[in-house]
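# What the coordinates show
Take a look at the letters that make up each chain.
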Amino acid sequence: MSSDALTTQSGLDPAKVPRHVAIIMDGNGRWAKQRLMNRVRGHEKGAETVRTIVTASREIGIAFLTLYAFSTENWQRSAAEVAALMRLLKNFLVTERDLMMRHDIRLSTIGEVERLPEDVRATLSETLSLTAGNRSMVLTLALSYGARAEIVRMVRTVATDVLEGRISAESIDEKRVSQGLYTRDMPDPDLLIRTSGEMRISNFLLWQIAYSELAITKTLWPDFSREEYLAILQDYQHRERRFGIA
Ligand code: FPP
């Protein structure tokens, strides 16, 4: 089905589809707890939701989808949970190759990927290379990502440029700052979705979401569905975006 056909069928206006949707996927642990299951089961179910939402995004015609898969803070969880998340990530990077190739999706990452275990990095690098030529959608996984660390990294590069005389302090502008971030090649998110009802940003894309529309749902990530995603997108299409201009 073409993206126009899907957007029309779902009541979405193809002309107003957000270019970039970013998602804080939260609530896997609570989903498992409610069912007296191990937290890892919640992450496993969450990985299935990732597949559903990636597929729906591509069909709707979203150009950039960015998912908060592992934060810098997540390293502090138990060794068993971190290992399970790494196993799920590695598994996803292999099992979803077919989906990414069929749907012309390019994989990308933001974050300190060098901190990931060697075997995960190797698998990641294979999937990045395999999908590098795909053009219809960019799927970005935030891995060992923290926005403050990203900003610190950018400040260091800008400071070095000034110190070594490549640029003057006066010439630093918003464009130079944006260029120093992991997200340099993508537009800012139009829409930021957070599941599980928490009213927090949790160190995600702090600079980039300055003018993003926010959608927070109480639904836990493993229960988040294509239908609810479409409803959020419909609501987004009725909003009037002002970008600070009256
Ligand atoms: C939050 O749930 C979610 C995460 C820690 C990361 C998201 C991970 C996945 C969706 C699974 C694997 C990802 C991929 C890309 C295959 P939480 O544990 O913080 O939930 P809680 O707040 O209810 O405890």
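This text gives an overview of the structure that appears in the document. All residue numbers refer to position in the chain's written sequence, counted from 1. Since the coordinates come from a predicted model, pLDDT governs what is reported: local features require at least 70, and pairs of side-chain atoms require 80 or more to be given and counted, while whole-chain, interface and lining totals use all residues. Side-chain figures throughout are based on the complete set of non-hydrogen atoms in the structure, without hydrogens or water.

Note that soluble globular proteins tend to have their nonpolar side chains buried in a common cluster. With 41 residues, the main nonpolar core has Leu139 and Tyr229 as its most contacted residues. Each helix is a run of DSSP H or I of at least 4 residues and each strand a run of E of at least 2, with the numbering of both proceeding from the N terminus. Here this core takes six residues from helix α4 (residues 79-95), the largest share from any one element. Residues count as neighbours in contact if any of their non-hydrogen atoms are within 4.5 Å of one another. For Tyr229, the contacting residues outside a window of four places in its chain are Val21, Ile53, Ala56, Ser57, Ile60, Ile62, Leu65, Ile193 and Phe224. Only buried residues count toward a nonpolar core, which is a set of Ala, Val, Leu, Ile, Met, Phe, Trp, Tyr and Cys residues joined through side-chain atoms within 4.5 Å. Each residue is assigned to one of three classes by its accessible area relative to the maximum for its type, calculated with a 1.4 Å probe on protein chains only: buried under 20%, partly exposed between the two thresholds, exposed over 50%. Ala22, Ile24, Tyr68 and Phe204 belong to the second-largest nonpolar core, a separate cluster that totals 14 residues.

Below, the discussion takes up helix α7 (residues 147-163). Here α7 contains 17 residues, and its C-alpha end-to-end distance of 24 Å stays within 8% of the 24 Å for a straight helix at 1.5 Å per residue. Taken residue by residue, α7 has Ala147, Glu150, Met154, Val158 and Asp161 as its buried positions. Relative to the axis of α7, the buried residues are bounded by an arc of 65° and lie together on one face. Among the exposed residues of α7, those pointing more than 90 degrees away from its buried face are Arg148, Arg156 and Leu163. Take the residue count of a helix, subtract one, and multiply by 1.5 Å to get its expected span. Arc definition: it is the arc formed by the directions from the helix axis to the C-beta atoms.

It is worth spelling out the packing of aromatic side chains at this point. Note on aromatic pairs: the rings of Phe, Tyr and Trp (six-membered ring only in Trp) are paired at centre separations within 6.5 Å, and the planes decide the class, stacked below 30 degrees, edge-to-face beyond 60, tilted for the rest. Evaluation of the coordinates by the stated rule reveals eight aromatic pairs. Ring geometry for Tyr145 and Phe204: centres 5.9 Å apart, planes at 90°, overall edge-to-face. A residue pair is termed long-range when its members are at least 10 positions apart, and Tyr145 in strand β4 (residues 137-145) and Phe204 in the loop between β5 (191-194) and β6 (213-216) qualify at 59 residues. Taking relative accessible area as the criterion, Tyr145 reaches 0% and is therefore assigned buried. Judged by its relative accessible area of 0%, Phe204 is buried. Put simply, the rings of Tyr68, Tyr145, Tyr182 and Phe204 touch in pairs and so form one group of aromatic residues.

It is worth spelling out the pairing of strand β2 (residues 64-71) at this point. Here β2 lies mainly inside the structure; seven of its eight residues are buried. In this scheme, strands are said to pair when DSSP sees at least two bridges between them. Bridging between strand β1 (residues 20-24) and β2 involves five bridges; their strand directions are parallel. Opposite Ala22, over in β2, you have Thr66 as the bridge partner. Two strands pair when backbone bridges link them, and β2 and β4 are joined in this way by seven bridges, in the parallel orientation. Across the sheet, the residue bridging to Ser71 is Tyr145, located in β4.

Whether a residue is near a molecule or strand depends on its heavy atoms: it is near if one of them lies within 4 Å of it. Taken together, 16 residues sit near the ligand, with Met25, Gly29, Arg30, Arg39 and Arg77 positioned nearest. Here a polar contact is recorded for every N or O atom pair within 3.5 Å, except that within protein the pair must consist of a potential hydrogen donor and a potential acceptor, and residues adjacent in sequence are included only if both atoms are side-chain atoms. In the model, an oxygen atom of the ligand is placed 3.1 Å from a nitrogen or oxygen of the Asp26 side chain. Backbone polar atom of Asn28 to an oxygen atom of the ligand: 3.1 Å apart, as the coordinates give it. Computed with the Shrake-Rupley method and a 1.4 Å probe, the accessible areas treat only the protein chains shown as cover for residues. Considered on its own, the ligand offers 620 Å² of accessible surface; in the complex 92% of this is hidden by protein.

At a closest axis distance of 10 Å, the pairing of helix α3 (residues 39-60) and α4 adopts a crossing angle of 25°. Relative to α4, the element α3 is oriented roughly parallel. When you trace α3 past α4, the crossing you get is right-handed. Contact with α3, carried on its side by Arg39, Val40, His43, Glu44, Ala47 and Val50, involves Glu81, Ala84, Leu85, Arg87, Leu88 and Phe92 of α4 and no other residues of that element. Across the contact of α3 with α4, the residue classes tally to seven nonpolar, one polar and four charged. Helix axes are fitted only over the stretch in contact, all axes being lines through C-alpha atoms; the angle between N-to-C directions runs from 0 to 180 degrees. Under this scheme an angle from 65 to 115 degrees is roughly perpendicular, one under 35 degrees roughly parallel, and one over 145 degrees roughly antiparallel; angles in between are oblique. Helix crossings are classified by the rotation of the near helix relative to the far one: an anticlockwise turn of less than a right angle makes the crossing left-handed, while a clockwise turn makes it right-handed. Residue classes follow a fixed rule: Ala, Val, Leu, Ile, Met, Phe, Trp, Tyr, Cys and Pro count as nonpolar, while Asp, Glu, Lys and Arg count as charged, and any other residue, Gly among them, counts as polar.

Each salt bridge in this description consists of a side-chain nitrogen of Lys or Arg and a carboxyl oxygen of Asp or Glu lying within 4 Å of one another. For the structure on display, the rule yields 21 salt bridges. Between Asp26 and Arg30 there is a salt bridge, and its shortest N-O distance comes to 3.3 Å. By relative accessible area, which is 17% here, Asp26 ends up buried. By relative accessible area, Arg30 is classed as partly exposed at 32%. The residue Arg115 makes a salt bridge to Glu112 at a minimum N-O spacing of 3.4 Å. When its relative accessible area of 44% is taken as the criterion, Arg115 is described as partly exposed.

What is shown is where atoms sit, not what they do.
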